[in-house]
There are 2 protein chains.
Amino acid sequence: MADIARLAGVSTSTVSRALSGSPLVNDETKTRITELARSLNYSINIGAQNLRLRQSRTVAVVIPYEAETRQHLSDPFFLSMLGSVADALTDRGFDMLLSRVDAERLDSIAQIYDTGRASGIILIGQWRHHDQLNQLAARRVPVVVWGAQLPQQLYVTVGSDNVSGGFLATEHLIRSGKRHIAFFGDIQLPEVAQRYEGYCKALIQYGRPVVPQLQVQASFAENGGREAVTELCQRQITFDALFACSDLLAMTSINSLRERHFRVPHDIAVVGYDDIELARYFHPPLSTVRQPMAQAGQALVEALLAIVDHDNNTQPRLLPTELIVRKSST
Amino acid sequence: MADIARLAGVSTSTVSRALSGSPLVNDETKTRITELARSLNYSINIGAQNLRLRQSRTVAVVIPYEAETRQHLSDPFFLSMLGSVADALTDRGFDMLLSRVDAERLDSIAQIYDTGRASGIILIGQWRHHDQLNQLAARRVPVVVWGAQLPQQLYVTVGSDNVSGGFLATEHLIRSGKRHIAFFGDIQLPEVAQRYEGYCKALIQYGRPVVPQLQVQASFAENGGREAVTELCQRQITFDALFACSDLLAMTSINSLRERHFRVPHDIAVVGYDDIELARYFHPPLSTVRQPMAQAGQALVEALLAIVDHDNNTQPRLLPTELIVRKSST
DNA sequence: ATGAAAGCGCTAACAG
DNA sequence: CTGTTAGCGCTTTCAT
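Quick summary incoming for the structure in this document. Note that the structure is a prediction, hence the values are computed from the model and not measured. (Residues numbered from 1 in each chain as written. Chains lettered and ligands numbered in written order. Predicted model: local features only at pLDDT ≥ 70, side-chain atom pairs only at ≥ 80, totals over all residues. Heavy atoms only, no water.)

### Side note on the sheet that holds strand S6 (residues 181–184) of chain B
All names here are of chain B.
Link 1 in the chain: What the six strands build is an open sheet, ordered S7-S6-S8-S9-S10-S12; its pairing is mixed. Because the sheet does not close on itself, it has two edges, and the strands there are strand S7 (215–216) and strand S12 (322–324).
Link 2 in the chain: Across two bridges, the pairing between S6 and S7 is parallel. Bridge pairing in S7 links Phe184 to Val216. (Pairing = 2+ DSSP bridges. Helix = DSSP H or I, 4+ residues; strand = E, 2+ residues; numbered from the N terminus.)

So, in structure tokens, the structure goes:
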């Protein structure tokens, strides 16, 4: 910057002003400086600017990983979410810091904020960590979580309407004439619990019994579908439909069902959750509950920036879900 | 920091030294300061530290997106790569900036470097952008690309041995008694071209003809498999095996083949590429060529940091590939 | 072993 | 409209 100032025969203040588009500077000098900057391939040093402005214009995004596997979840849903958040941040001129954090050490993300690396944190995946998240919020770390809204929650969540999603999927299966609808998902997880709630609600509303035997504690891991199908078959219970809590789970379940010579949808109708890109190209094309990804990134970023701006009244956001009917259920 | 200094009755210099573990400070005062810092929940401001140290300890990772769709590729391979790079960076105490960049405007990533936001850039996906990348390297932007090594290449690549990968897959299919092996992949892309080269090499080595009709220009997009299968069937050419250039492509192709009542592997043996997690849980479990993901992140980061340290002689790295035989081909 | 002072690259009063 | 000056939070000579 000093170089530019010297070459342009002005002070650094003027250069700074010119480059930030201040109206307080002569148009002629402004152009001269801008030209000079371009020809020298000069860009403002963001680090110094941020220091001076006492900001960071950076948001950290955290997708926790499981300690045992050290692996990121390979669910395309997360990549999609990442893209959506990246878009929303880019639109607002924020940088995105991606952090790898052990799911059991969520408190460590406070560091990202304390050290000034990011003005706030977006956590994708609430999992079982309600308490840790409450502690974070109590420490006044600006954080927004993608997940379910829970009672006694100190942190802000953005999530889709899981109860409604579960309801829509189940209602659709009931109306298609299915009588024994299995539910695949770990109801220890808040989001899944709410989908299960919607599932039960639909059954009850249509005068059907809620059969606990039909609920299988399927994990979101890659082999979740296979294991859940095995478990369900061992229970020797009749079922003619399946509501799986993620598309990936639905897909691996369908593969397993096929190995056991069930036909989908003829013998078993299947509905997934998320509506990942792949869902429509699966065989058969997968019926599913769509989470509004484009809105998700926007909503997460808006909520976080509100908190960063000390809006102490930021409310949790519930995004609408939508049933997408394809061949796997009809 | 000034606060701590005051409370500890020392100067900020001492606090700085204590917190950075300098040996030039009395053990007693060091503990006092450390305690104080912890109790105040204080962490060093990384931005200021970086400014003073004229570094950034941040690496930008770029996965370009296609302008038309504005969408990230939903291939789990990329998430896996992201995780691998994140690990390698975390190990070395670097932060990871994730940037969303239009594939047609790759030159814009120079900005990330010019503004000092990152000390260097890791680009995942070479695609067709050889020339743009050469320009970047010519501008002396520290950049490492995941992809194929090409002639007249000014930038550094890290990639797996695509020729060998293509060879292994094809050889395996030939040895399994297959006679008409289709190849799915866009050979405009350098990596795919090399896999095709390996495919041809194997055919020739085993005295088989290379039939151009068997090569289909399949895209990596979600519907790539379906379109390629349609295309191949329209050509009315016999085939009894398929080598697809990604696992995702292999999976969607298998789904499409099944719709057309081909049995896999009985009628058509299929081998994919990448060995994503999902491959072993697919039905049937997918034979594939594994790319060494754990090494990939390490190698990319090592190469980049070497360049950042002005090692002008950083060589491209070729990582080994490995054939994984599962049910889809036997 | 510790402190004073200078400065990383930038911006924002405050004067002129 | 432009320049002077001070300082964001930190590290590091250079003294002591």
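### Considering the pairing of strand S9 (residues 269–274) of chain B
Residues and elements named next belong to chain B.
Link 1 in the chain: Within S9, six of the six residues are buried, leaving the element largely enclosed by the surrounding structure.
Link 2 in the chain: In this sheet, S9 lies alongside strand S8 (residues 241–244) in parallel orientation, the contact comprising three bridges. Within S9, the residue paired with Phe243 across the bridge is Val271.
Link 3 in the chain: Bridge count for S9 against strand S10 (residues 287–290) is four bridges, and the pairing is parallel. (Buried < 20%, exposed > 50% of the residue type's maximum accessible area, 1.4 Å probe, protein only.)

### Let's talk about the protein's contact with DNA strand C
Link 1 in the chain: Taken together, 24 residues are adjacent to DNA strand C, and Ser16, Tyr42 and Arg52 of chain A together with Thr14 and Arg52 of chain B come closest.
Link 2 in the chain: Close to the protein, within 4 Å, the atoms of DNA strand C belong to sugar or phosphate groups at a rate of 63%.
Link 3 in the chain: A distance of 3.1 Å is found between a base nitrogen of DNA strand C and a side-chain nitrogen or oxygen belonging to Ser13 of chain A.
Link 4 in the chain: Within the side chain of Arg52 of chain B, an N or O atom sits 2.9 Å from a base nitrogen of DNA strand C.
Link 5 in the chain: Every element with two or more residues in the surface near DNA strand C is listed here: helix H2 (12–19) and helix H4 (46–53) of chain A together with helix H2 (12–19) and helix H4 (46–53) of chain B.
Link 6 in the chain: Classifying every residue of the surface near DNA strand C by side-chain character gives nine nonpolar, 10 polar and five charged. (Near = heavy atom within 4 Å. Polar contact = N/O pair within 3.5 Å; in protein donor to acceptor, adjacent residues only side chain to side chain. Nonpolar A, V, L, I, M, F, W, Y, C, P; charged D, E, K, R; others polar.)

### So, the relation of the copies chain B and chain A
Link 1 in the chain: Under the fitted operation, chain B is carried onto chain A by 0.0 Å of movement along the axis and a turn of 180 degrees, and the coordinates agree to an RMSD of 0.0 Å. Here the copies are linked by what is in effect a two-fold axis. Taking C-alpha positions as reference, the residue of chain B nearest the rotation axis is Leu97 of chain B, located at 2.3 Å.
Link 2 in the chain: The residues that chain B uses at the interface reappear at the interface of chain A in 100% of cases, marking a shared surface. (Least-squares fit on C-alpha atoms with pLDDT ≥ 70 in both. Contact = heavy atoms within 4.5 Å.)

### Quick look at the protein's contact with DNA strand D
Link 1 in the chain: In the vicinity of DNA strand D there are 24 residues, among which Ser13 and Arg52 of chain A together with Ser16, Tyr42 and Arg52 of chain B approach most closely.
Link 2 in the chain: Within 4 Å of the protein, atoms of DNA strand D come from sugar and phosphate in 61% of cases.
Link 3 in the chain: Here Arg52 of chain A contributes a side-chain N or O atom positioned 2.9 Å from a base nitrogen of DNA strand D.
Link 4 in the chain: Interatomic distance of 3.2 Å between a side-chain N/O atom of Ser13 of chain B and a base oxygen of DNA strand D.

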